Amino acid sequence: MLDKATGSAPNTPEFRTNVVKLVRRWRSSPVGIVGSLMVLLVVMVALLTPLLAPHDPAKHNRKQRFLPPIWMEGGDRAHPLGTDQLGRDVLSRILYGSRISVMIGVSAAVIGGTLGAVIGLIAGLYGGLVDTLISRAVDTFLSIPFIILVLAVVGILGPSLLTLIVVLGVTGWASYARVIRGETLSVKEREYVSAAQSLGASNARLAFRHVLPNTFASLIVLATLDVASTILAETSLSYLGLGVQPPTVTWGLMIADGREYLSSSWWLAVFPGFAISFTVLGVIFLGDFLRDILDPKLGE
Amino acid sequence: MRGGALRPMSGYIARRVLQIIPVLFGVTLIVFLMIRLKGDPVQQLVPDWYSEEQIQEVRVAYGFDRPIHVQYVSFLSRAVRGDFGRSFHNRQPAWDMIKKAIPRTAQLALAAFVLGVVIAFPLGIISALRRNTILDLAVTGFAVWGRSLPNFWLGIMLILVFAVTLRWFPVSGTGAISGQPFLKHLFLPAFTLSMGLITTLTRLIRSAVLEVIREDYVTTARAKGLRERVTIVRHVLRNALIPVVTVMGLQIAWLMGGSVIIEQVFAWPGMGRLMLQAIYARDNSVVQAGLLVTSLIIMVSNLVVDLLYTVLDPRIRYS
């Protein structure tokens, strides 16, 4: 199946031709190209921040507070996007802020995806009571608004980088489990899988040999789009003061600070928002592109 | 597809309502366990200078000294009666506080819903009918970009432009203090909250209209000389409505979640803001009550949407 490009096991000729197809599809898709370039840019910035940032993001400078961006009157060439209430360089802070968002977005999606995939696999493979229990748990988690649950749990545990990653990851398992369970059920119906099963293949063998490779495409698509919503959730948490705490720089916190000076120094709240939007948009483009080529039936 | 095609509607409704029970049960369990994630919830509530005896007193007073399953059963039996305990801060029953805030959130959510529908329908339809024009590109671009905006930032940007700079709308609050008309206060937060709905609905309506427009009955309607507007309203819209209704159900959860953040941005005294203040203050009874009530609202609205769905599309009624 062409649409299941990554579904085949690695190192087979089939896999290689699928990769070639994937690259060809990528080259003819503007959304795919733009999305991956945007994501690449953000990841590079996050990795190379110390080399790229013109200033120390935490360095106060009393004499240079509230400098406007370079194109406005009173702007300073040393601070292209201006400075904040403590004289810190906005551009450097935005560059540093990318690290937290990228790190949390990716790690939470990996945790949620792994957890959800395992649980979904178990539900689909074993069926019966196990499946019923898991499905009800999925329903339960999906009827609690994600962001409120995360806020409440982080509020109880106390905000820290690790707490955020774990809480955002663990609370995100349900949607993965639902999709992977469905995929598992449909793969189980295929002849070669039921043949393997009747030949006495164990559930673990079925899972790793047949089901997991076939659900891989959906998993990748879900995880990519999940990175986008996790980053949005992380920035919201930071904005509300329940994210990673200062002196670590986060985009959400920059906007929260900037809100205080909205009428006099608008740039403090405006620029970090564009950084968030740019990052999330890149991830969404990439996710939409992957969905279109890997798993069109996932839909919205 | 179990059973015959003629299983009565009431059976479906009954089954669907019954499905809520285990989920509701699950939510109470999560909400109950949540505040115990960090061990003893009492330890986190009392001031540092409390002696061990005083802590024990609080523990006994709130029933935290009993075995955990006994605590859960008592939590559950009280919750069923709307008793979630009292706020640790102002000693008011948590449910009373939530109850007072619900109308504010409802106003906001309803306004956001109306705005979302009113804006998204024309955008989606125009975009589909003028497919691949600049107009379509602009609408689709807007819908995609909207997905990437953090709603708290969007709110602040709207405040910056329309409240701080242009002064068309007040910055925050409900009008009790500013004396400005209530609707003026409602508009910015409602619009911010509706953004997610607008982008999702616009894309959905566009693709639904594109799909329906190719159907035979639409061609027939056109061929028999029906005016374009009549064709669209009578045939295209009605059928495009089905996927839209489904998504609206899902969007209720979104609106509830979004309202927490947006109520904070606009100082809107609703349930979301109340919960957030309770989270900051570790006022667990209020957090628990709020989460349970919010989840219940979501479950019930999903149920309503499911039932509405069967009315709109008789084909799926008994499946």
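This is a predicted model, so every value here is computed, not measured.

What counts as what
- Residues numbered from 1 in each chain as written.
- Chains lettered and ligands numbered in written order.
- Predicted model: local features only at pLDDT ≥ 70, side-chain atom pairs only at ≥ 80, totals over all residues.
- Heavy atoms only, no water.
- Contact = heavy atoms within 4.5 Å.
- Buried area = accessible area lost by both parts, 1.4 Å probe.
- Salt bridge = Lys/Arg side-chain N within 4 Å of Asp/Glu carboxyl O.
- Polar contact = N/O pair within 3.5 Å; in protein donor to acceptor, adjacent residues only side chain to side chain.
- Helix = DSSP H or I, 4+ residues; strand = E, 2+ residues; numbered from the N terminus.
- Nonpolar A, V, L, I, M, F, W, Y, C, P; charged D, E, K, R; others polar.
- Domains from an automatic or database assignment.
- Expected span 1.5 Å × (residues − 1).
- Buried < 20%, exposed > 50% of the residue type's maximum accessible area, 1.4 Å probe, protein only.
- Arc of directions from axis to C-beta.
- Phe/Tyr/Trp six-rings, centres within 6.5 Å; stacked < 30°, edge-to-face > 60°.
- Lys NZ or Arg CZ within 6 Å of the ring centre and 35° of its normal.

Attention shifts here to the interface of chain A and chain B. Contacts between the two partners involve 43 residues from chain A and, on the opposite side, 45 residues from chain B. When chain A packs against chain B, close to 3,800 Å² is buried across both sides, 78% of that on carbon and sulfur atoms. Counting the contacts that link chain A with chain B gives 1 salt bridge. Between Arg 147 of chain B and Asp 288 of chain A there is a salt bridge; the shortest N-O distance is 3.1 Å. Applying the counting rule to chain A against chain B returns 8 residue pairs in polar contact (both at pLDDT 80 or more). Only helix 4 (128-143), helix 5 (146-157), helix 9 (203-239), helix 10 (251-259) and helix 11 (267-294) of chain A provide two or more residues apiece to the side of chain A that touches chain B. In terms of residue count, helix 11 of chain A provides more of the side of chain A that touches chain B than any other element does, 11 residues in total. Counted by class, the side of chain A that touches chain B contains 27 nonpolar, 11 polar and 5 charged residues.

Quick look at the domain arrangement of chain B now. All names here are of chain B. Partitioning chain B into structural domains gives domain 1 (2-80) and domain 2 (103-312). Here domain 1 and domain 2 have C-alpha centroids that lie 32 Å from each other. Counting residues at the interface gives 19 residues for domain 1 and 14 residues for domain 2. Roughly 1,500 Å² is buried in total at the junction of domain 1 and domain 2, and carbon and sulfur atoms are behind 76% of that figure. Across the domain 1-domain 2 interface, the total number found is 0 salt bridges.

A separate point is helix 6 (residues 134-147) of chain B. Residues and elements named next belong to chain B. Its 14 residues give helix 6 an end-to-end C-alpha distance of 20 Å, which sits within 8% of 20 Å, the value for a rise of 1.5 Å per residue. Along helix 6, the positions that sit buried rather than exposed are Asp 136, Val 139, Ala 143, Val 144, Gly 146 and Arg 147. End-on, the buried residues of helix 6 take up no more than an arc of 165°, which puts them together on one face. When the buried face of helix 6 is taken as reference, the exposed residues oriented beyond 90 degrees from it are Ile 134 and Leu 137.

The next subject is the packing of aromatic side chains. One pass over the structure, following the stated rule, counts 16 aromatic pairs over all chains. On the numbers, 5.2 Å between centres and 70° between planes, the contact of Phe 274 of chain A with Trp 153 of chain B is edge-to-face. Pair noted here: Phe 274 of chain A is in helix 11 and Trp 153 of chain B is in helix 7 (residues 151-165), and the two residues belong to different chains. Consider the rings of Phe 162 of chain B and Trp 168 of chain B, whose centres lie 5.6 Å apart with planes at 40°: the pair is tilted. The exposure class assigned to Phe 162 of chain B is partly exposed, which follows from its relative accessible area of 24%. By way of ring pairs, the aromatic residues Trp 71, Trp 266, Trp 267 and Phe 271 of chain A are connected into one cluster. Against the face of Phe 32 of chain B rests Arg 36 of chain B, its NZ or CZ located 3.9 Å from the ring centre. When the ring centre of Trp 268 of chain B is taken as reference, the NZ or CZ atom of Arg 104 of chain B above it lies at 6.0 Å.

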